[in-house]
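So the chains spell out like this:
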Amino acid sequence: MSQAVIENPSRLSSSQVAERGNPHVASAAVPDATGHFGPYGGTYVPETLMIAVHQLAEEYDRARKDPDFQRQLSYYLKEFVGRPTPLYHARRLTELAGGAKIYLKREDLAHTGAHKINNTIGQGLLTLRMGKKRIIAETGAGQHGVATATAAAAFGLTCDVYMGSEDIRRQSLNVFRMRLMGARVVAVETGSRTLKDATNEAMRDWMGSVGHTHYIIGSVVGPHPFPQIVRDFQSVIGQETRSQAMQLLGRLPDAVVACVGGGSNAAGMFYPFVEDAGVKLFGVEAGGRGLILGQHAASLSLGQPGVLHGSLSYVLQNQDGQTADVHSISAGLDYPGVGPEHAYWKDTNRVSYHACTDTDALAAFTTTAQREGIIPALESAHAVAFALKQAAKMDKHQVLIINMSGRGDKDCMEAARLLNVDGVPSVKA
Amino acid sequence: MNTNIDTAFDLARSKHQALLCPFFTAGYPDLAVGPQMLLAAQQAGAGCIELGIPFSDPIADGPVIQESYRLALEGGATVEKSLDMLRQARAAGLMIPVLAMVSFSVIFKRGTHEFAKRCTANGIDGLVLPDLPLEEAPAVVEALGEHGLGSSLLIAPSTSPDRRRRIAELCTAFIYYLSVSGITGERASLPSDIAPNIAQLRQVTERPICVGFGIHTAEQVRQVGSLAEGVIVGSAIIRRLTEERSRPDPNPVRATQESIASLAAGLRQVC
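Remember, it's a predicted structure, so these values are computed and weren't measured experimentally.

### Thoughts on the overall build of chain A
Turning to step 1, where the next piece is worked out: Within chain A, the secondary structure is distributed over 17 helices and 14 strands.
Turning to step 2, where the next piece is worked out: Relative to the globule expectation of 22 Å for 429 residues, the C-alpha radius of gyration of chain A, 20 Å, shows essentially globular dimensions.
Turning to step 3, where the next piece is worked out: Viewed in the frame of its principal axes, chain A has a C-alpha envelope of about 60 × 50 × 45 Å.
Turning to step 4, where the next piece is worked out: Evaluated residue by residue, chain A yields a buried proportion of 66% over its 429 residues.
Turning to step 5, where the next piece is worked out: Counting contacts in chain A only where the partners sit at least 6 residues apart, residues at least 24 apart contribute 74% of the total.
Turning to step 6, where the next piece is worked out: Summing over all exposed atoms, chain A offers an accessible surface of approximately 15,200 Å²; the carbon and sulfur share of this is 52%.
Turning to step 7, where the next piece is worked out: For chain A, the centre of its 41 positive side-chain charges and the centre of its 41 negative side-chain charges are spaced 5 Å apart.

### Quick notes on the pairing of strand β9 (residues 230-233) of chain B
Residues and elements named next belong to chain B.
Turning to step 1, where the next piece is worked out: Neither face of β9 is left uncovered, since the one carrying Gly230 and Ile232 and the one carrying Val231 and Val233 both have all their residues buried.
Turning to step 2, where the next piece is worked out: With 4 bridges connecting them, strand β1 (residues 19-25) and β9 associate as parallel partners. Residue pairing in the sheet places Cys21 in a bridge with Ile232 of β9.
Turning to step 3, where the next piece is worked out: Bridging between strand β8 (residues 209-212) and β9 involves 2 bridges; their strand directions are parallel. Within β9, the residue paired with Cys210 across the bridge is Gly230.
Turning to step 4, where the next piece is worked out: Once you follow β8 into helix α10 (residues 218-225) and on to β9, the crossover reads as right-handed.

### Some remarks on the sheet that holds strand β7 (residues 184-188) of chain A
All names here are of chain A.
Turning to step 1, where the next piece is worked out: If you trace the 4 strands from one edge of the open sheet to the other, you get β7-β6-β5-β8, paired in parallel fashion. With partners counted over all chains shown, the strands left at the sheet margins are β7 and β8 (213-215), one partner each. The mean inter-strand angle of the sheet, taken between neighbouring strand axes irrespective of direction, is 25 degrees.
Turning to step 2, where the next piece is worked out: Bridge count for strand β5 (residues 134-139) against β8 is 3 bridges, and the pairing is parallel.

### Points about the environment of B:Val233
Residue and element names in this part refer to chain B.
Turning to step 1, where the next piece is worked out: With respect to the helices, strands and loops of the structure, Val233 is situated in strand β9.
Turning to step 2, where the next piece is worked out: Exposure remark for Val233: the relative accessible area of 0% places this residue in the buried category.
Turning to step 3, where the next piece is worked out: Val233 sits 91 residues away from Glu142 along the chain, and the two C-alpha atoms are 28 Å apart.
Turning to step 4, where the next piece is worked out: With residues up to four places along the chain from it excluded, the contact list for Val233 reads Leu20, Cys21, Pro22, Phe23, Ile215, Val221 and Leu263.

### Overview of the state of the cysteines
All names here are of chain B.
Turning to step 1, where the next piece is worked out: This model, assessed by the stated rule, comprises 0 disulfides over all chains.
Turning to step 2, where the next piece is worked out: Here Cys119 stays unpaired: no disulfide links it, and the sulfur of Cys48, its closest cysteine neighbor, is 14 Å away.
Turning to step 3, where the next piece is worked out: Cys171 forms no disulfide, and the closest cysteine sulfur to it belongs to Cys210, at a distance of 10 Å.

### What to know about the sheet that holds strand β3 (residues 98-101) of chain B
Residue and element names in this part refer to chain B.
Turning to step 1, where the next piece is worked out: Taking strand neighbours across the sheet as the criterion, the 9 strands line up as β5-β4-β3-β2-β1-β9-β8-β7-β6 in an open arrangement whose pairing is parallel. Two strands in the sheet have a free side with no partner beyond their single neighbour: β5 (150-152) and β6 (154-155).
Turning to step 2, where the next piece is worked out: With respect to the sheet, α10 is in contact with β1, β8 and β9, its orientation differing from that of β9 by roughly 150 degrees.

### Thoughts on the interface of chain A and chain B
Turning to step 1, where the next piece is worked out: Taken together, the contacts link 44 residues of chain A with 45 residues of chain B.
Turning to step 2, where the next piece is worked out: Each partner contributes to the roughly 3,600 Å² buried at the junction of chain A and chain B, and carbon and sulfur atoms together form 55% of this total.
Turning to step 3, where the next piece is worked out: For the chain A face of the interface with chain B, the top three residues by lost area are A:Glu47, A:Arg204 and A:Asp320, together amounting to 20%.
Turning to step 4, where the next piece is worked out: Viewed at the interface, chain B and chain A are joined by 3 salt bridges.
Turning to step 5, where the next piece is worked out: With a shortest N-O distance of 2.9 Å, B:Arg163 and A:Glu47 are connected by a salt bridge.

### Re the environment of A:Gln171
Turning to step 1, where the next piece is worked out: Note on placement: A:Gln171 falls in the loop between α7 (165-170) and α8 (172-180).
Turning to step 2, where the next piece is worked out: Beyond its immediate chain neighbours, meaning those up to four positions away, A:Gln171 contacts A:Gly140, A:Ala141, A:Met163, A:Ala331 and A:Lys410.

### Here's the deal with empty space enclosed by the protein
Residues and elements named next belong to chain A.
Turning to step 1, where the next piece is worked out: Under the criterion given, the structure shown has 8 cavities of 30 Å³ or more.
Turning to step 2, where the next piece is worked out: Here the largest cavity defines a volume of roughly 430 Å³.
Turning to step 3, where the next piece is worked out: Together, 33 residues line the largest cavity, and Lys116, Gly218, Ser219, Gly332 and Leu333 are the ones closest to its centre.
Turning to step 4, where the next piece is worked out: Mapped onto the lining of the largest cavity, the elements with two or more residues apiece are β5, α6 (143-155), α9 (195-209), α12 (264-270) and α16 (378-392).
Turning to step 5, where the next piece is worked out: For the lining of the largest cavity, the residue count by class is 10 nonpolar, 19 polar and 4 charged.
Turning to step 6, where the next piece is worked out: Here the second largest cavity defines a volume of roughly 200 Å³.
Turning to step 7, where the next piece is worked out: Per-class residue counts for the lining of the second largest cavity are 13 nonpolar, 4 polar and 3 charged.

### Describing the layout of surface pockets
Residue and element names in this part refer to chain A.
Turning to step 1, where the next piece is worked out: A volume near 970 Å³ is recorded for the largest pocket.
Turning to step 2, where the next piece is worked out: What lines the largest pocket is a set of 42 residues, and nearest its centre among them are Arg170, Ser328, Ile329, Ala331 and Glu414.
Turning to step 3, where the next piece is worked out: Going through the elements one at a time, α7, α8, α9, α15 (358-372) and α17 (412-422) are the ones with two or more residues in the lining of the largest pocket.
Turning to step 4, where the next piece is worked out: Classifying every residue of the lining of the largest pocket gives 14 nonpolar, 13 polar and 15 charged.

### As for the packing of helix α8 (residues 161-170) of chain B against helix α9 (residues 194-204) of chain B
Residues and elements named next belong to chain B.
Turning to step 1, where the next piece is worked out: Between α8 and α9, whose axes approach to 9 Å, the crossing angle comes to 60 degrees. Considering their axes alone, α8 and α9 lie oblique with respect to each other. Pair α8 / α9 crosses with right-handed handedness. Counted together, Pro161, Arg164 and Arg165 of α8 and Asn197, Gln200, Leu201 and Val204 of α9 form the full contact between these two elements.
Turning to step 2, where the next piece is worked out: For the contact of α8 with α9, the per-class residue count stands at 3 nonpolar, 2 polar and 2 charged.

### Observations regarding the packing of helix α2 (residues 34-44) of chain B against helix α4 (residues 79-91) of chain B
All names here are of chain B.
Turning to step 1, where the next piece is worked out: It is the contact of α2 with α4, at a shortest axis distance of 8 Å, that shows an interaxial angle of 50 degrees. Taken as axis vectors, α2 and α4 run oblique relative to one another. Once α2 is placed against α4, the crossing between them reads as right-handed. Two secondary-structure elements touch here, α2 through Gly34, Pro35, Leu38 and Leu39 and α4 through Met85, Leu86, Gln88 and Ala89.
Turning to step 2, where the next piece is worked out: Tallied by class, the residues present in the contact of α2 with α4 amount to 6 nonpolar, 2 polar and no charged.

The rules behind the values
- Residues numbered from 1 in each chain as written.
- Chains lettered and ligands numbered in written order.
- Predicted model: local features only at pLDDT ≥ 70, side-chain atom pairs only at ≥ 80, totals over all residues.
- Heavy atoms only, no water.
- Helix = DSSP H or I, 4+ residues; strand = E, 2+ residues; numbered from the N terminus.
- Rg over C-alpha atoms; globule rule 2.2 N^0.38 Å.
- Buried < 20%, exposed > 50% of the residue type's maximum accessible area, 1.4 Å probe, protein only.
- Contact = heavy atoms within 4.5 Å.
- Areas by Shrake-Rupley, 256 points an atom, 1.4 Å probe, with all protein chains shown as cover.
- Lys, Arg positive; Asp, Glu negative; His and termini not counted.
- Charge placed at Lys NZ, Arg CZ, Asp CG, Glu CD.
- Pairing = 2+ DSSP bridges.
- Right-handed = clockwise from strand over helix to strand, strands pointing away.
- Axes fitted to C-alpha atoms, helices over the stretch in contact; angles between N-to-C directions.
- Disulfide = S-S within 2.5 Å.
- Buried area = accessible area lost by both parts, 1.4 Å probe.
- Salt bridge = Lys/Arg side-chain N within 4 Å of Asp/Glu carboxyl O.
- 1 Å grid on protein atoms, 1.4 Å probe; cavity = no way out; pocket = protein on both sides within 12 Å on 5 of 7 lines; lining within 4 Å.
- Points joined across faces, edges and corners; volume = space filled by probe spheres on them.
- Nonpolar A, V, L, I, M, F, W, Y, C, P; charged D, E, K, R; others polar.
- Parallel < 35°, antiparallel > 145°, perpendicular 65-115°, else oblique.
- Left-handed = near helix turned anticlockwise from the far one by under 90°.

Here it is as structure tokens:
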């Protein structure tokens, strides 16, 4: 296999795109055998990791065609995670926006309080299938770490979670939850001591431990086959939403909105709708404090194609290709890259990506709590903030679904601190 | 193919002596002292230099090299300044081949052809591509070749025989054989499978083979030098430079000279 060399760093060259098949229309039949979504994705990792990713790709390919594996997965999703999660009509948010009917896909009601568990249960079962006894993970805010520790406890696996020392200090509750379930939390002191550095450390661990260890990556990022595996395990969100919409409304929604950091909840929500041209898909990134590099985490809206953590996608870098600092009020969106399938959906115009600021997200956090009795994760609050504006532009017969990717208990301390400083944002009557 | 690289290895082969290939981080401990350090390495017996272009997120590197990257970046080492440092070293008499070890993120950002032009203009002979596996490498290697730059890809103990052959076919500089799986860094003892693995590689390639990862003593240099054309020493040298920084009167040039001379003593014992 050969590939064209990309010359203009801001856009992929026409020869590159031509060679991979010019993606005018997004297909659900991605990635290809080498892990490419159009020109994005791929496998940019040291040779020492190639045996691991090849082994994983082969095992996953067998597992997804194996009815026993699928039965096992369904069992745990139903009995342990508590699926299906409801599709809830948010009447008072609908009233507030004054446009389309707003529904919430309640991933916040899944065990551990977020969608992350869908992936860790799936990959935990894969670990058992491969006969491995240890799992490792990276975590930023700790949600994926908690979901991994949960799967480890449920399946009797040893678990080490890499977490930046900065994040450990900021997220003591999740650190305790992980330790309580028997995981070891490894403090990462390198680089910026946050999520991207935790990811580097987890990859390094895996390079030396691949014989007996599986790395459960937490989002649709990393080298092939991770973006595909995580998307597939998260697709239960979109599949349920699709059939619930048909059941409740007798038709598919007009718009679906999800927040995007690495992009796993959005990928899981969007993927089953990709070939439904009538369903508009919106991804909402973290606009942080504004448009200046370093002040946001909006890789798709403001970044350029680049390579980070093993795949080609949109990234936030300086002119030398060094990873830029990022900021978001939401630790789960605070990542300088994004999954390659989102890059593919952006370039094919299948998904429309937007960013909303810390302030907008905090206001939506308060609004959702006060108008629906649901405290959303700050990540999900980004989706709500955009969705309220989008719904207002739509008419009353239309339907907009927000992926409520997680609950906001973990964010309450931070929100309390910020609201005391900034004052409680007013909620429209 | 790159003449400077090929000539150096041909010459070493004819003398039945391996090349010592020390690794330096461009901009560590600082950019200004870089040219003198590289010259000191050449004088003390280095046969080839591997010059790490600092990157914010190096996955394959251990803590010692990673920290040197971080400090180099903090000290202002951009790609352009790193290459300019080498240009100065060349102007001051650095003759031995220099391969830049560069993360593909950095190459991609500039575009392969543009990056290659900057390399050749500043005295780089080839690139070590630590995170570009067989699946993604062919077009990049071809583009670098058009500019006269050699490419070295990594082969690990875990790499299958068929894959080794296909990777070796792409290597236009030397083959970078990793003595151990995992990240860079010093190991107490070298694994026993180096000899059979190199013997196996010989059957599929005529390119020179350099062994790296974990080598830090003159004795290990001697052992590996009796098997391969090149011995790469990385973390041990960077660690020595890091120790030097914390001394009251640091002299990184002298530290380089001493460090390389003691490792090169291992090579002389081969003959």
